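Now for the letters of each chain:
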Amino acid sequence: YQRRVHGTSKRITFLWEILSTLKESEKVRFVKFCWGQERLPANDEEFTRTQTRFMIKPANYSSSNPDMTLPKADTCFFNLELPDYSTRDKLREKLLIAINTDCDSMNAEDPIALDPNHEGRGGGGDSSFDTDRGGGGG
């Protein structure tokens, strides 16, 4: 953890609780969102050998309302910038939007439709998102 974030922070507690409830496919998308890879090293020895570490940092956005922002990731460094959301449900909502927004191409320009009546995978500038967009970038 970095700076104003510690293991007992509300946002960290919420994050680990939410991650433990995700489906396996969502966990893969989370790792890919944060790191640009689909798999973590197999064991502690591989984490050490590859010098892989996951850093959660406080989000430093200009918005005065964290609930209106999305988490961001620095995929080159396996960092997650996590806003201090007001509730667990808000963190879950924003995290799911972030990990399901074009986790495949790394440029976050092709949102996956969250509306079950929507056809296709977004694109064409026809996005229904009103909040700031997070995304992986290195």
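Refer to the structure printed above.
Residues numbered from 1 in each chain as written. Predicted model: local features only at pLDDT ≥ 70, side-chain atom pairs only at ≥ 80, totals over all residues. Heavy atoms only, no water.

> Break down the overall build of the protein for me, with residues and values.
When helices and strands are tallied, the protein shows 4 helices and 4 strands. Along the protein, helices (α) and strands (β) appear in the sequence α-α-α-β-β-β-α-β when read from the amino end. Out of the 138 residues in the protein, the part that is buried amounts to 39%. The long-range fraction of contacts in the protein, counting pairs at least 24 apart against all pairs at least 6 apart in sequence, stands at 60%. (Helix = DSSP H or I, 4+ residues; strand = E, 2+ residues; numbered from the N terminus. Buried < 20%, exposed > 50% of the residue type's maximum accessible area, 1.4 Å probe, protein only. Contact = heavy atoms within 4.5 Å.)

> Break down the packing of helix α2 (residues 24–35) against helix α4 (residues 88–99) for me, with residues and values.
Direction vectors running N to C along α2 and α4 enclose 75 degrees, while the axes themselves pass 9 Å from each other. Between α2 and α4, the crossing angle belongs to the class labelled roughly perpendicular. For the pair α2 and α4, contact is made by Glu 26, Arg 29, Phe 30 and Phe 33 and by Leu 95, Leu 96, Ala 98 and Ile 99, respectively. When grouped by side-chain class, the residues that make up the contact of α2 with α4 number 6 nonpolar, no polar and 2 charged. (Axes fitted to C-alpha atoms, helices over the stretch in contact; angles between N-to-C directions. Parallel < 35°, antiparallel > 145°, perpendicular 65-115°, else oblique. Nonpolar A, V, L, I, M, F, W, Y, C, P; charged D, E, K, R; others polar.)

> Let's hear about the nonpolar core: which residues, and what values?
One finds Leu 15, Phe 30, Phe 33, Leu 80, Leu 82, Leu 91 and Leu 95 to be the most contacted residues of the largest nonpolar core, which totals 22 residues. Looking at this core, the elements that each hand over two or more residues are α1 (10–21), α2, β3 (79–82) and α4. Beyond its immediate chain neighbours, meaning those up to four positions away, Leu 82 contacts Arg 11, Leu 15, Ile 56, Lys 57, Pro 58, Ala 59, Pro 71 and Leu 91. (Core = buried A, V, L, I, M, F, W, Y, C linked by side-chain atoms within 4.5 Å.)

> If you had to explain the pattern of salt bridges to someone new, which residues and values would you point to?
For the structure shown, the criterion picks out 7 salt bridges. Linking Asp 74 and Lys 57 is a salt bridge whose minimum nitrogen-to-oxygen distance equals 3.3 Å. One end of the pair, Asp 74, is in strand β2 (residues 72–74); the other, Lys 57, is in strand β1 (residues 55–58), with 17 residues separating them in the sequence. Looking at Lys 57, the relative accessible area reads 14%, which means it is buried. For Glu 93, the salt bridge goes to Lys 90, with nearest N and O atoms at 3.2 Å. (Salt bridge = Lys/Arg side-chain N within 4 Å of Asp/Glu carboxyl O.)

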